Amino acid sequence: MTAEGGPAIPATPPLTERQEARRQRILHASAQLASRGGFDAVQMREVAESSNVALGTLYRYFPSKIHLLVATMQDQLQHMHTTLRKRPPGGDSAAERVAETLMRAFRALQREPHLADAMVRALTFADRSVSPEVDTVSRQTTAIILDAMGIERPTPEQLSAVRVIEHTWHSALITWLSGRASIAQVKIDIETVCRLIDLTAHEPDAPATPPGRRGRTGAGR
């Protein structure tokens, strides 16, 4: 029973090691197909064949192509976050570190434009049924930004600034993919919006410790 007295909803059991390995094969196959041909190249039957799983099994993990590609984006962001933690940004201010972090993430996507386009299109097409996966992508992006800021307990004002930064980064990615913005313009927009962080610098819960000084595990860029 819940605290309100209603029946408790059982939590989704965690994946076994074998199931997680299968899920990773699926995500890898999705990313490979998208890298070669973009959104249209990701067909569920081909993903199933490439990942060596039955089509029915694939649909149990991901009910649709949109679910799959949004999950692929979350997986890509997770890999980026791991890399960023090993090689944290070196700017002196939080705004500089976040701008550097987002541009590094942008350049990683720039190297795989077909994959980036497929994932962004999936986010754009996602309806309410994909909300959990979209929320996971948002939380992952927020975690990357907060890590760069050196914030563990953000204030509401800081979270608001992070949301605006996320929206701008996403919009900049879309405009670049559509050919309506250059890399130079994207960099200017990212650096400009990251100055919002300076407006929250007076908040008492904002520690000044850069992420790189909390334990670097790799060489800088």
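The preceding data block contains the structure.
Here the residue index of a chain counts from 1 through its sequence in written order. Given that this is a predicted model, residues contribute local features only at a pLDDT of at least 70 and side-chain atom pairs are listed and counted only at 80 or more, while totals for whole chains, interfaces and linings are drawn from all residues. As a convention, hydrogens and water are excluded, and side-chain values are obtained from all of the structure's heavy atoms.

A. Looking closely at the environment of valine 137. Per the convention used, a helix needs a DSSP run of H or I reaching at least four residues, while a strand needs a run of E reaching at least two, with both numbered from the N terminus. Relative to the helices and strands, valine 137 resides in helix α7 (residues 131-149). Considering only alpha carbons, one finds valine 137 and glutamine 76, 61 residues apart in sequence, at a separation of 9.7 Å. The contact definition used throughout considers only heavy atoms, calling two residues in contact when any of these lie within 4.5 Å. Leaving out residues up to four positions away in the same chain, valine 137 has contacts with Val70, Met73, Gln74, Leu77 and Leu123.

B. Up close: the pattern of salt bridges. Throughout this description, the term salt bridge denotes a Lys or Arg side-chain nitrogen within 4 Å of a carboxyl oxygen of Asp or Glu. One pass over the structure, following the stated rule, counts 4 salt bridges. Residues aspartate 147 and arginine 85 are paired through a salt bridge, measuring 3.2 Å at the closest nitrogen-oxygen approach. Pair noted here: aspartate 147 is in helix α7 and arginine 85 is in helix α4 (residues 65-86), with a separation of 62 residues, a long-range link.

C. Molecular detail of the packing of aromatic side chains. Between the rings of Phe, Tyr and Trp (Trp by its six-membered ring), a pair exists once the centres lie within 6.5 Å; its type follows the angle of the planes, with under 30 degrees stacked, over 60 edge-to-face, and the other angles tilted. Applying the stated criterion across every chain yields a total of 3 aromatic pairs. Measuring from centroid to centroid gives 5.6 Å for phenylalanine 39 and phenylalanine 125, while their planes differ by 80°, and the two rings are edge-to-face. In this pair, phenylalanine 39 sits in the loop between α1 (17-37) and α2 (44-51) while phenylalanine 125 sits in helix α6 (residues 113-125), placing the two residues 86 residues apart along the sequence. Since its relative accessible area comes to 46%, phenylalanine 125 is described here as partly exposed. Centroid distance tyrosine 61 to phenylalanine 62: 6.5 Å. Interplanar angle 35°. Geometry classified as tilted. Lying over the aromatic face of phenylalanine 39, lysine 65 brings its terminal NZ or CZ to 3.9 Å of the ring centre. Under the scheme applied here, a residue whose accessible area is under 20% of the maximum for its type counts as buried, over 50% as exposed, and between as partly exposed, the area being computed with a 1.4 Å probe on protein chains only. Two conditions define a charge sitting above a ring: the NZ of Lys or the CZ of Arg must be within 6 Å of the ring centre, and it must be within 35 degrees of the ring normal.

D. A look at the environment of threonine 175. For threonine 175, the location among the structural elements is in helix α8 (residues 156-177). Expressed as a C-alpha distance, the spacing of threonine 175 and valine 186, which sit 11 residues apart in the sequence, is 8.7 Å. Every residue in contact with threonine 175, bar those within four places of it in the chain, is listed here: Arg180 and Ala181. Among the polar contacts listed, one links the side chain of threonine 175 to the backbone oxygen of alanine 172, at a separation of 2.9 Å. Here a polar contact is recorded for every N or O atom pair within 3.5 Å, except that within protein the pair must consist of a potential hydrogen donor and a potential acceptor, and residues adjacent in sequence are included only if both atoms are side-chain atoms.

E. Structural view of α2. When α2 is considered as a whole, its buried residues turn out to be Met44, Val47, Ala48 and Ser51. Down the axis of α2, the sector holding all buried residues measures 100°, keeping them to one side. Summarising the geometry of α2, the exposed residues directed more than 90 degrees from the buried face are Arg45 and Glu49. Where the residues of α2 are buried, they touch α1, α3 (55-61) and α4. To obtain the arc, one takes the directions from the helix axis to the C-beta atoms.

F. Region of the structure containing helix α5 (residues 94-110). Counted at 1.5 Å a residue, the expected span for α5 with its 17 residues is 24 Å, and the 24 Å between its end C-alpha atoms agrees. Along α5, the residues classified as buried are Ala95, Arg97, Val98, Ala99, Thr101, Leu102, Met103, Arg104, Ala105, Phe106 and Leu109. Elements that come into contact with the buried residues of α5 comprise α4, α6, α7, α8, α9 (183-194) and α10 (196-199). Multiply 1.5 Å by the residue count of a helix minus one, and that product is the helix's expected span.

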